[in-house]
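Remarks on the overall topology
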Amino acid sequence: MATLYPALITEALSSVRYPGKGKNIVELGMLADDIRIDGNKVSFTLIFDKPTDPFKASILKTAEAAIKLREPDAEITINTSVRSSAPEVEKKAPVLPGVKNIVAISSGKGGVGKSTVAANLAVALAAEGYKVGLLDADIYGPSLPKMFGLEGEELFMHTVDGRNLIIPAEAYGVKMLSIGFVIDPNSAAVWRGAMASNALKQLIEQADWGELDYFLIDMPPGTSDIHLTLVQTLGLTGAVVVTTPQKVAIADARKGIAMFRNESINVPVLGIIDNMAWFTPEKHPDERYYLFGQEADIDALADEFNVPVLARIPLVASVGEHNDNGRPIVTEPTASAAAFMHLAHELIDAVNRRNDTLPPTKKVETH
C-alpha cells in the first residue's frame, strides 16, 4: 500500500471537474482545509454552494474514484457542507416615499388651539389643490376625528406590493388617520411611552398615504417620547409652533422651538402661528379685543429665534361649534377662514424657501 498524504489527495481531487464551469473542484474552492489521514483511512469535506446541487452525487462518486485510482485500498469518508454566505440585509420599505413635505404642527402647551390650526390648515391646503395628509399624533387626546366628522369611522386595509396597509379616512379632501379610530373614545388611553410610540409608527409606516404634497402631523403638546419617535422615524421638512399671546404660552413655545433647534434633532422651524390673537365678534369683523395679550410678545419671540410669524388667527365664537359639528371653520366665510387661507399661503412660501436653501432633514439616528 502506498503512503497517503494530503498533497496526494489534493492532486487526485484536482482531476475532478465541476460540470459546466471548466474548472476542477480544488480550483473552485470546494475542498475544505480539513483533510485527515489515519493509515489507509481518509476523510475530507467538499463544500457546495447549495444543499440541492444537481451534481452533488456524481461529484462525490468521481472524487472517491479519483483517490481509489491512486490507492485502491483507501477507506474514504467524504463529508459535505454548504457554503456560508453573508445574510442578506432585509431592505425596509422607505417611509412615506410619495410624500414631498412633512410638517409638524407643534405647541409648547395644551389649550392653544393647535389641533384646530392643524385641521383648518390641512383643509385650506387641500382647497388650494394640494394633496394633503394629516396624522393625529396626540395619542392621549385625539381630537381630529371629531373635528372632521369622522368619529366611529371604520378603517379598512388593502394589499399594496405584497404589504397589508391601512387605508386612511378622508374628508374635505384630506387623508387622515388618528389613534382615535382604534380606541374607545370614551376611555382614556393608558399606555406607556413605548406602546404609544409603536402605535404611532404603525399609523405612519403601515398606512397607504400615497402621493402627498403636504403631510401634516398634529403633535401632542409639550415635549415627549412621541416627539422623539417622530424625528427618529421621519425626516421632517420643518415644524411650526402654535401659541397664544399669553406670556405662559409664549414661555412654553420658546421651549418647543428650542427642542426642534437642538443640535441632535435639528429640525427647521418654519415659523410661529399666533392663534387666538384677538377676539372678533362675528357680526362686527372689524372689531378686535385682545383677550390674551398683545402681539408684541410674540413678535419678540420671533425676533429672538429669527423666524417669521406666519399668521395671526382671530378667535371667533363659532370655532368651537364648527369643531363639535365636524366642519372646520375654514369651510365657512368667516374672518378665521380668511386667516387660515392666508396661513396656508404663508406655509407654502416658508416650505419653498426652506427647500431652496437647506438640504432635506435627516431622521435622528439612535445608537
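Shown above is the structure to which this text applies.
Reference entry: report on the structure contained in this document. (Residues numbered from 1 in each chain as written. Predicted model: local features only at pLDDT ≥ 70, side-chain atom pairs only at ≥ 80, totals over all residues. Heavy atoms only, no water.)

1. A look at the overall build of the chain
The following threshold applies: Each helix corresponds to a stretch of at least 4 residues labelled H or I by DSSP, and each strand to a stretch of at least 2 residues labelled E; elements are numbered beginning at the N terminus. In this treatment the radius of gyration is a C-alpha quantity, and the globule benchmark scales as 2.2 Å times the residue count to the 0.38 power. The buried label applies to any residue whose accessible area, calculated with a 1.4 Å probe on protein chains only, is under 20% of its type's maximum; exposed applies above 50%, and partly exposed to all values in between. Here, two residues are considered to be in contact whenever any of their heavy atoms come within 4.5 Å of each other. Computed by Shrake-Rupley with a 1.4 Å probe, the accessible areas treat only the displayed protein chains as cover when residues are assessed. In this tally, Asp and Glu contribute negative charge and Lys and Arg positive charge; neither His nor the terminal groups of the chain are included. Taken as the charge centre is NZ of Lys, CZ of Arg, CG of Asp or CD of Glu, depending on the residue.
Counting its secondary structure elements, the chain contains ten helices and 13 strands. Computed over its C-alpha atoms, the radius of gyration of the chain comes to 33 Å, more than 25% above the 21 Å expected for a compact globule of 367 residues. On the principal axes, the C-alpha backbone points of the chain span a range of 115 × 45 × 40 Å. Counting the 367 residues in the chain, one finds 46% classified as buried. In the chain, once contacts between residues fewer than 6 apart in sequence are set aside, the share between residues at least 24 apart is 74%. For the chain, the accessible surface area stands at approximately 18,600 Å², while carbon and sulfur atoms represent 50% of it. If you average the places of the 34 positive and of the 46 negative side-chain charges in the chain, the two averages end up 6 Å apart.

2. What to know about the sheet that holds strand β9 (residues 174-178)
To keep things clear, this is the line we draw: At least two bridges found by DSSP between two strands is the condition for calling them paired. Only the stretch in contact is used when fitting a helix axis, every axis being a line fitted to C-alpha atoms; angles between N-to-C directions are given from 0 to 180 degrees.
Reading across the sheet, the eight strands line up as β8-β9-β5-β10-β4-β11-β12-β13 and stay open at both edges, with mixed pairing between neighbours. Edge positions in the sheet fall to β8 (169-171) and β13 (309-315), since each of these pairs with one other strand and no more. Within the sheet, the average angular offset between the axes of one strand and its neighbour, ignoring direction, is 25°. In this sheet, strand β10 (residues 212-218) lies alongside strand β5 (residues 132-136) in parallel orientation, the contact comprising five bridges. Note that in β10 the partner of Leu135 across the bridge is Ile217. Sheet strands in contact with helix α10 (residues 335-357) are β4 (99-107), β10, β11 (238-243), β12 (269-279) and β13, and its direction is about 165° off that of β13.

3. Looking at the pairing of β12
How we decide: A right-handed crossover is one whose linking path, passing over the helix from the first strand to the second, runs clockwise when the strands point away from the viewer.
Among the eleven residues of β12, ten are classified as buried, and the element is accordingly described as predominantly covered. Bridge count for β11 against β12 is five bridges, and the pairing is parallel. Following the sheet pairing, Thr243 is matched in β12 by Asp274. On the question of chirality, the crossover connecting β11 to the parallel β12 by way of helix α7 (residues 247-261) is right-handed. Looking at chain direction, β12 and β13 are connected through five bridges and run parallel. Across the sheet, Phe279 pairs through a bridge with Leu315, a residue of β13. Each parallel crossover has a hand, and the one from β12 via helix α8 (residues 295-305) to β13 is right-handed.

4. A look at the nonpolar core
The condition is simple: Residues grouped as a nonpolar core are buried Ala, Val, Leu, Ile, Met, Phe, Trp, Tyr and Cys residues, joined through side-chain atoms within 4.5 Å.
In this structure, Phe148, Phe215 and Ile217 are the most contacted members of the largest nonpolar core, which totals 88 residues. If we skip the residues at most four places from it in the chain, Ile217 touches Ile102, Val103, Ala104, Ile105, Leu135, Ala137, Leu230, Leu234 and Leu236. Listed in part, the 21 residues of the second largest apolar core include Leu4, Tyr18, Met30 and Ala74.

5. Regarding the sheet that holds strand β2 (residues 41-48)
The mixed open sheet is built from three strands, whose spatial order is β1-β2-β3. This sheet does not close on itself; its edge strands, each paired only once, are β1 (36-38) and β3 (75-82). The mean angle between the axes of side-by-side strands here comes to 20°, regardless of whether they run parallel or antiparallel. Summarising the sheet, β2 and β3 pair through eight bridges and their orientation is parallel. If you follow Phe44 over to β3, its bridge partner there is Ile78.

6. Some thoughts on helix α3 (residues 114-127)
Applicable threshold: In this scheme, a helix's expected span is set at 1.5 Å multiplied by one less than its residue total.
An ideal rise of 1.5 Å per residue puts 20 Å on 14 residues; α3 measures up with 20 Å between its terminal C-alpha atoms. Counting buried residues along α3, 13 of its 14 residues qualify, which places the element largely inside the surrounding structure. Once α3 finishes, Gly129 follows within two positions and takes phi at roughly 95°, a positive value.

7. Considering the pattern of salt bridges
As a reminder, the rule being used: Whenever Lys or Arg places a side-chain nitrogen within 4 Å of a carboxyl oxygen from Asp or Glu, that contact is recorded as a salt bridge.
For the coordinates displayed, the defined rule picks out eleven salt bridges. The salt bridge partner of Glu151 is Lys146, with a shortest N-O separation of 3.4 Å. You can call Lys146 partly exposed: its relative accessible area is 35%. A salt bridge links Arg327 to Glu332, with the shortest nitrogen-to-oxygen separation between them at 3.0 Å. Judged by relative accessible area, which is 29%, Arg327 ranks as partly exposed. Each of Lys21, Asp49 and Arg83 takes part in one network of salt bridges that share partners.

8. What about the pairing of β10?
Most of β10 sits inside the fold, with seven of its seven residues counted as buried. Sheet analysis places β4 next to β10, joined by six bridges and oriented parallel. Looking across to β10, one finds that Val103 is bridged to Leu216.

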